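Summary of structural features
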Amino acid sequence: MWQPELETITRDELRMLQEERFQRSWRHIWADAPAQTKLLHDAGAERGDIRSLDDVHKLPFTDKSVFTEHYPFGLFAVPPEAVVRLHSTSGTTSKPSMGGYTYTDMVHWKDLVARVCVMAGVTKRDTAHIAFGFGMFTGGFGLNYGLEHMGVRVLPMGGGQTEKQLMMMRDMGSTVLVATPSYALYLSEAVREAGIKEDLMLRVGLFGGEGHTQEMAEQIERNLGIIATSNYGLCELGGPGISGECLLKTGMHIAEDHYFCEIINPETGAVLPEGETGELVVTPLTREALPLIRYRTKDITKITTEPCKCGRTHARMSPTLGRSDDMLIIRGVNVYPSQIESVLIRQEHIGPHYMLVVRREGVMDTLEVQVELTDGAVLDSFHLLEQIQNNIREQIRNILGLTVKVTLVAPQTVERFMGKAKRIKDERGM
Ligand code: ZN
């Protein structure tokens, strides 16, 4: 373990540490973050309302829209000269969320990412190939800092240039691959096509930046002969390092000494009991530049505090089922792309690349699943095509209770993604 005294702290001691850190962060917000104080005040919350963490559920949520309204630095709680690093979300549809770090925030960040890497079995003898984007995205630099902090040899490759990626991976003897799962899958296919799997030394995958199904992780593991692990982070909360999987792979251990987590019903906002599935809400406990109260992540997951055999006492969150933003409502049924992915990836003759197209026909919403065949020859067999389509349709109906249209398309025709995959085309109301 990277910080064993903190990672194996007893649950009682952890609660005391969280309490102390939360009180400090709460005082910091009231003293130094006027825009956040105003939000609290407007929602009817006052400084004296909070006696302990048990009262946190009474406080209002923050979300991405608060970042947009206060772009760029309105939520910050330190003067500009105390900020040593800025990152941001991509902000494709609105102003990006700006994330900021003081020197101390950076020190914590390195340790939190190093914890995640050690949990996944990385040691300082490893060589890590980072195929995350660098730049404003927190993934590339975050993993870079954490791995370097551990003494790992780092290759900051960034995304794109597949051939060069494969060459460097082979020639540098990379043992760790850092990427989004969709890009890792893409690279793993390129490795298979180039027939160089045996020339590679890869043994561990550190995947984050987007959710993925168990089935997809297994496919990457098979293609590359590695152990795939997931980790989780969000720019608004300080980037990667919030949680990561240990090698027992029974959920991602949350750095609870730095993040207080709740699960809520995304529709009502009510806090749900342990073990129930809902939206993850995070209150960071140690951030100086950007402390926050109850940030709604939009990620759907569940949390358990049952002890893990690895010895870490921190709670575990399940791999995210999807974002509440990505949840489609089709004819009254809640649909997460990951549910459809888990059907597709078990099916023979088709690859892991797919697109979900939602349309409105009259008053009816329809969902079309476009999925790519691995072998174009199948297109010549009407009988086989029909059989595959029926199979997929039947299994989706079993899981979702919804009849969808399944379209099989030729190999290499569904869009590939270097970063986060965008698998939904919603054409309703367009
Ligand atoms: Zn564990």
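Once a new chain begins, its residue numbering starts again from 1 and follows that chain's sequence as written. Residues qualify for local features only when their pLDDT is at least 70, as the model is predicted, and side-chain atom pairs are given and counted only at 80 or more; totals for whole chains, interfaces and linings, by contrast, use all residues. Side-chain figures throughout are based on the complete set of non-hydrogen atoms in the structure, without hydrogens or water.

What follows deals with helix 5 (residues 103-119). Here helix 5 is 17 residues long and its end C-alpha atoms lie 25 Å apart, about the 24 Å a rise of 1.5 Å per residue gives. Counting buried positions along helix 5 gives 12 out of 17 residues, so the element sits mostly inside the fold. For helix 5, the full list of buried residues reads Asp105, Met106, Trp109, Asp111, Leu112, Val113, Ala114, Arg115, Val116, Cys117, Val118 and Met119. Starting at the N terminus, helices and strands are each numbered in turn, a helix being any DSSP run of H or I of at least four residues and a strand any DSSP run of E of at least two. A helix is expected to reach a length of 1.5 Å times the quantity of its residues less one. Relative accessibility under 20% of the residue-type maximum defines a buried residue, over 50% an exposed one, and the middle range a partly exposed one, all with a 1.4 Å probe and only protein chains included.

Once that is clear, we can look at the coordination of the zinc ion. Each angle at a metal carrying four tetrahedral donors should ideally be 109.5 degrees, and each at a metal carrying six octahedral donors should ideally be 90 or 180 degrees. Donor atoms from the polypeptide that bind the zinc ion are Cys246 (SG), His253 (NE2), Cys308 (SG) and Cys310 (SG), placed at 2.1 to 2.3 Å. Donor atoms (N, O, S) are those found within 2.8 Å of the metal centre, with the cutoff raised to 3.2 Å for Na, K and Ca; water is not part of the atom list, so apparent gaps in a site can occur. Each label reflects the angles at the metal, where four donors whose angles all fall between 85 and 135 degrees are tetrahedral, four or six donors whose opposite pairs open beyond 155 degrees and whose other angles stay between 65 and 115 are square planar or octahedral respectively, and the rest are irregular. Each of the four donor atoms bound to the zinc ion contributes to angles spanning 102 to 115°, and the resulting shape is tetrahedral. When the donor residues of the zinc ion are listed from N- to C-terminus, their spacing reads C-x6-H-x54-C-x1-C. Placement of the pair is His253 in strand 9 (residues 252-254) and Cys308 in the loop between strand 13 (303-304) and strand 14 (316-317), with a sequence separation of 55 residues.

Moving on: the packing of aromatic side chains. Side-chain rings of Phe, Tyr and Trp (the six-membered ring for Trp) are treated as a pair once their centres are within 6.5 Å; stacked means planes under 30 degrees apart, edge-to-face means over 60, and tilted covers the remaining angles. Using the criterion set out here, one finds 10 aromatic pairs in the structure. Relative to Trp26, the ring of Phe22 lies with its centre 6.0 Å away and its plane at 25°, an arrangement referred to as stacked. Taken as a pair, Phe22 and Trp26 lie in helix 2 (residues 11-32) at a separation of four residues, close to a single helical turn. Here Phe22 falls in the buried class, since its relative accessible area comes to 1%. Plain terms: the ring middles of Trp26 and Trp30 are 5.6 Å apart, the flat faces sit at 70° to each other, and that makes the pair edge-to-face. Of this pair, Trp26 and Trp30 both sit in helix 2, four residues apart, which is roughly one turn of the helix. What makes Trp26 buried here is its relative accessible area of 3%. Put simply, the rings of Tyr101, Trp109, Phe134, Phe141 and Tyr145 pair up and form one aromatic cluster. By the criterion adopted, a ring carries a charge over it if an Arg CZ or a Lys NZ lies within 6 Å of its centre and within 35 degrees of its normal. A cation over a ring is seen here: Arg296 above Phe61, with NZ or CZ 5.3 Å from the ring centre.

Cysteine sulfur atoms are paired as a disulfide whenever they come within 2.5 Å of each other. Evaluation of the coordinates by the stated rule reveals zero disulfides. We note that Cys235 lacks a disulfide partner, and the nearest cysteine sulfur, in Cys261, lies 17 Å from it. With relative accessibility at 8%, the residue Cys235 sits in the buried group.

Being paired, for any two strands, means DSSP has found at least two bridges between them. An order of 10-11-12-15 is seen for the four strands of this open sheet, with the pairing classed as antiparallel. A single partner strand is all that each edge strand has here, and the edge strands are strand 10 (259-264) and strand 15 (322-323). As judged from the six bridges shared by strand 10 and strand 11 (residues 278-284), these two strands associate in the antiparallel manner. Among the inter-strand pairings, Cys261 is bridged to a residue of strand 11, identified as Val282.

Moving on: the sheet that holds strand 19 (residues 364-373). Pairing within the open sheet is mixed, and its four strands lie in the order 20-19-18-21. With one partner strand each, in any of the chains shown, strand 20 (405-409) and strand 21 (424-426) form the two edges of the open sheet. On average, each strand axis in the sheet is inclined to that of its neighbour by 20°, with strand direction left out of account. As paired strands, strand 18 (residues 350-361) and strand 21 are joined by three bridges and run parallel to one another. A fitted line through C-alpha atoms represents every axis, and for helices the fit uses only the stretch in contact; the resulting angles, taken between N-to-C directions, go from 0 to 180 degrees.

Take the domain arrangement of the protein next. The parts lose accessible area when they come together, and the size of an interface is often stated as this lost area. These domain boundaries are the output of an automatic or database domain assignment. When its domains are assigned, the protein resolves into domain 1 (1-323) and domain 2 (328-426). Distance between the C-alpha centres of domain 1 and domain 2: 30 Å. Each partner contributes to the interface: domain 1 provides 20 residues, whereas domain 2 provides 16 residues. Interface of domain 1 and domain 2: buried area, both sides summed, is about 1,600 Å²; carbon and sulfur atoms make up 59% of it. For salt bridges, the criterion is a side-chain nitrogen of Lys or Arg within 4 Å of an Asp or Glu carboxyl oxygen. Linking domain 1 to domain 2 there are two salt bridges. Between Arg416 and Glu189 there is a salt bridge; the shortest N-O distance is 3.9 Å. Note on definitions: a residue-residue contact is assigned when non-hydrogen atoms from the two residues lie within 4.5 Å. We define buried area as the total accessible area lost by two parts upon association, computed with a 1.4 Å probe and summed across both.

As a further point, take the nonpolar core. A general feature of soluble globular proteins is that nonpolar side chains tend to end up buried together. Take the buried residues of types Ala, Val, Leu, Ile, Met, Phe, Trp, Tyr and Cys, join any two whose side-chain atoms come within 4.5 Å, and each joined set is a nonpolar core. Judged by nonpolar contacts, the single largest core of 26 residues is most densely connected at Tyr232, Leu237, Tyr259, Cys261, Leu280, Ile303 and Met317. Those elements giving two or more residues to this core turn out to be helix 4 (64-69), strand 7 (227-234), strand 9, strand 10 and strand 11. Looking at this core, the element that brings in the most residues is strand 10, giving three residues. Among residues more than four places away in sequence, those in contact with Cys261 are Ile254, Leu280, Val281, Val282 and Ile303. Judged by nonpolar contacts, the second largest core, of 24 residues, contains Ile350, Val369, Leu373 and Leu400.

Glancing now at helix 8 (residues 181-194). Taking 1.5 Å of rise per residue, 14 residues should cover 20 Å, and helix 8 covers 20 Å from first to last C-alpha, within 8% of that figure. Across the 14 residues that make up helix 8, a large majority, 10, are buried. Among all positions in helix 8, only Pro181, Ser182, Tyr183, Ala184, Leu185, Leu187, Ser188, Glu189, Ala190 and Val191 are buried.

For the rest of this paragraph, the subject is the pairing of strand 5 (residues 176-179). A regular strand places its side chains on the two faces of the sheet in alternate fashion. Every second residue of strand 5 is oriented toward a common face, with Val176 and Val178 on one face and Leu177 and Ala179 on the other, all of them buried. Sheet analysis places strand 5 next to strand 6 (residues 204-207), joined by four bridges and oriented parallel. The residue bridging Ala179 from the neighbouring strand is Phe207, located in strand 6. We call a crossover right-handed when, viewed with the strands running away from us, the connection from the first strand over the helix to the second turns clockwise. This β-α-β element, strand 5 to helix 8 to strand 6, shows right-handed connectivity.

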